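# Results of the structural survey
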Amino acid sequence: MTQEAYVTQGPLTTEAGAPVADNQNSETAGVGGPVLIQDQSLLEKLAHFNRERIPERVVHARGAGAYGTFTLTRDVSRWTRAAFLSEVGKQTETFLRFSTVAGNLGSADAVRDPRGFALKFYTEDGNYDLVGNNTPVFFIKDAIKFPDFIHTQKRDPYTGSQEADNVWDFWGLSPESTHQVTWLFGDRGIPATLRHMNGYGSHTYQWNNAAGEIFWVKYHFKTDQGIKNLTQEEANKLAGEDPDSHQRDLRESIESGDFPSWTVQVQIMPAAEAANYRFNPFDLTKVWPHEDYPPIEIGKLELNRNPENVFAEVEQSIFSPAHFVPGIGPSPDKMLQGRLFAYGDAHRYRVGINADHLPVNRPHATEARTNSRDGFLYDGRHKGAKNYEPNSFGGPFQTDKPLWSATAVSGATGTHEAPGHAEDSDFVQAGNLYRLMSEDEKSRLIENLAGFIAKVSRDGIAERAVNNFRQADGDFGKRLEAAVQALRG
Ligand code: HEM
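Residues numbered from 1 in each chain as written. Predicted model: local features only at pLDDT ≥ 70, side-chain atom pairs only at ≥ 80, totals over all residues.

Taking an unreviewed UniProt entry as the reference, the protein is identified by name as Catalase belonging to Streptomyces katsurahamanus. You can read under Sequence similarities (unreviewed entry) in the UniProt record for the protein the words "Belongs to the catalase family." (UniProt positions renumbered as here; feature names shortened; annotations may be inferred.)

A tally of regular secondary structure across the protein gives 12 helices and 10 strands. The C-alpha atoms of the protein give 25 Å as radius of gyration, which agrees with the globular expectation for 489 residues (23 Å, within 12%). Each principal axis of the C-alpha atoms in the protein carries an extent, and together these give about 80 × 65 × 45 Å. In the protein, which comprises 489 residues, the share counted as buried stands at 38%. (Helix = DSSP H or I, 4+ residues; strand = E, 2+ residues; numbered from the N terminus. Rg over C-alpha atoms; globule rule 2.2 N^0.38 Å. Buried ≥ 20, exposed ≤ 12 C-beta atoms within 10 Å, placed from the backbone.)

Once that is clear, we can look at the packing of helix H11 (residues 459-472) against helix H12 (residues 474-488). Between H11 and H12, whose axes approach to 6 Å, the crossing angle comes to 155°. What the angle tells us is that H11 and H12 run roughly antiparallel. Taken as a pair, H11 and H12 cross one another with a handedness that is right-handed. Every residue of H12 that contacts H11 at Ala462, Val466, Phe469, Arg470 and Ala472 is listed here: Gly474, Phe476, Gly477, Leu480, Glu481, Val484 and Arg488. Looking at the contact of H11 with H12, its residues break down into seven nonpolar, two polar and three charged. (Axes fitted to C-alpha atoms, helices over the stretch in contact; angles between N-to-C directions. Parallel < 35°, antiparallel > 145°, perpendicular 65-115°, else oblique. Left-handed = near helix turned anticlockwise from the far one by under 90°. Contact = placed C-beta atoms within 7 Å. Nonpolar A, V, L, I, M, F, W, Y, C, P; charged D, E, K, R; others polar.)

In the vicinity of the ligand lie 28 residues, with His60, Arg97, Gly116, Ala143 and Ser202 positioned nearest. Broken down by secondary-structure element, the contributors of at least two residues to the shell around the ligand are strand S2 (91-100), strand S3 (115-123), strand S4 (126-133) and helix H8 (334-350). Looking at side-chain class alone, the shell around the ligand contains 14 nonpolar, 10 polar and four charged residues. (Near = placed C-beta within 6 Å.)

Where strand S7 (residues 214-223) and strand S8 (residues 261-270) come together, nine bridges link them in antiparallel fashion. In the strand pairing of S8, histidine 220 is matched with glutamine 265. Sheet topology note: the S8/strand S9 (residues 296-305) ladder contains six bridges and is antiparallel. If you follow tryptophan 262 over to S9, its bridge partner there is leucine 301. (Pairing = 2+ DSSP bridges.)

Inside soluble globular proteins, nonpolar side chains tend to come together where they are buried. Counting 87 residues, the largest nonpolar core has Trp168, Val217, Ile453, Ala462 and Leu480 as its most contacted members. When residues of this core are assigned to domains, at least three map to each of domain 1 (63-139 + 191-357) and domain 2 (141-173 + 427-489). Setting aside chain neighbours within four positions, we find leucine 480 in contact with Ile446, Leu449, Ala450, Val466 and Phe469. Within the second largest apolar cluster, six residues are counted, among which are Ala110, Ile190, Leu230 and Ala235. (Core = buried A, V, L, I, M, F, W, Y, C linked by C-beta atoms within 7 Å. Domains from an automatic or database assignment.)

Let us now look at the environment of tyrosine 128. Mapping tyrosine 128 onto the fold places it in strand S4. Note on tyrosine 128: 23 C-beta atoms within 10 Å, which makes it buried. Here the alpha-carbon distance between tyrosine 128 and glutamine 38, two residues 90 residues apart in the chain, equals 49 Å.

Domain annotation of the protein identifies domain 1 (63-139 + 191-357) and domain 2 (141-173 + 427-489). Relative placement of domain 1 and domain 2: their C-alpha centres are 27 Å apart. Of the residues lining the interface, 15 residues belong to domain 1; the matching set on domain 2 comes to 11 residues. Looking at the side of domain 1 that touches domain 2 element by element, the count peaks at five residues for H8. Of the residues assigned to the side of domain 1 that touches domain 2, the class counts are six nonpolar, five polar and four charged.

Next comes the structure, spelled out in structure tokens:
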């Protein structure tokens with residue numbers, strides 16, 4: 001559908017529906033006199049305009065979204081009892097919001113940054129949100145570091161700009177970021193469009209089957225359009241010429257009936273294998289190598305409908321890693337655990353306590369039945385129903401069936417580091433990624449990294465940053481050091 005379809009009929013009115021006689025001239029006391037307070041049409045218009053913005057997302061502010069369909073193509077019932085994953089051929093409505101991370105709402109699309117890949121499944125058991133990125137790993141592994149990390153990516157409190165010093169100071173002092181940073185400065189760091197990149201759930205999640213058995217799972221969404229990226233030079237040019245390039249591309253391709261799709265795969269680890277796996281399977285800075293857990297194709301995701309109103313459906317859309325459905329649950333990943341709190345809290349601040357009631361956010365294949373009521377912009381959906389439980393008037397009741405299976409814990413409380421496994425190190429997978437790259441790709445990676453590292457104001461920051469890559473791979477470190485030195489003189 002294109003914009004022409006949305007035609008408004010009839011006279012312009014006030015918010016209360018009264019016809020507006022003059023939308024060109026405000027009402028004055030005499031010709032050339034001051035404006036009158038009785039011109040409610042003017043006052044209402046100015047006041048409404050002043051309140052058009054809501055707080056932008058503190059991260060991932062810049063984004064584009066579309067509705068679609070998920071189709072299950074493989075029987076996965078031995079691993080999960082999730083109803084929307086119960087039958088081959090079953091289709092579930094979805095909404096996907098893509099985003100960049102660091103830029104503000106009006107920033108350009110063609111930049112080097114991870115892309116958010118936030119997917120809502122409107123299932124019959126309520127909404128299931130998978131709030132991932134286009135990368136399978138992340139920069140840090142404990143939620144307590146997230147605000148510090150994001151501060152270094154955003155504008156400096158004094159200069160008001162993103163500062164190379166802050167970015168590289170933090171990354172250099174956080175060796176666990178080496179894998180994600182190597183990925184980000186490689187070819188996939190600037191996707192050509194939102195359609196030409198993969199999506200990942202990134203974290204490990206729990207699937208549980210009808211018998212209550214636990215499987216640890218990682219999700220992959222492989223683009224059917226093929227991977228296409230921009231070089232740094234191409235991106236610099238495009239970001240200047242068409243800051244909305246990705247958003248526009250997505251909308252136009254769906255408008256023209258060229259629906260993008262992704263093949264959905266999962267890696268599955270039986271619960272008993274987690275304790276002795278060579279890497280900590282809940283460490284978000286690491287992948288599960290495919291030779292250990294081969295990806296299994298389970299479905300197809302297609303985007304086929306544009307939102308009708310970007311503010312209502314994209315800006316006000318909310319996604320939470322805590323939105324699970326029966327058969328799916330969290331893992332002990334410390335990042336994920338922090339995220340289970342952060343998103344709902346952000347939504348209540350950014351969109352309000354009734355954010356879940358908005359059309360894009362509410363369940364589409366079932367209804368929400370809670371005893372929560374009222375608050376700003378409550379729409380009266382529950383009409384006169386009782387608002388407490390238990391009640392003897394036929395109100396909603398608890399099921400006594402937890403969404404996910406219980407996991408065993410041991411030891412004392414404390415601010416523990418997540419346990420290390422036999423082959424865990426902050427550098428091993430970054431080095432493997434580097435060694436997988438072609439010679440050309442390695443050269444572009446070094447050039448991209450060096451160009452940014454060279455901007456820092458202190459040698460110590462540059463040296464620490466380079467040292468992390470040196471530990472990942474000796475050749476990587478040597479070449480990067482030379483390239484940084486050549487630029488810094
Ligand atoms: C502990 C670490 C993290 C914290 C505390 C955190 C927090 C947040 C917050 C507060 C928002 C804004 C939500 C809103 O206003 O609606 C957000 C957005 C987002 N985050 Fe995170 N985040 C973390 C890590 C991650 C990771 C690891 C990923 C991906 C694997 C991720 C993916 C996203 C995406 C895709 C969005 C945008 C959602 C949308 O489109 O509305 N975040 N995050």
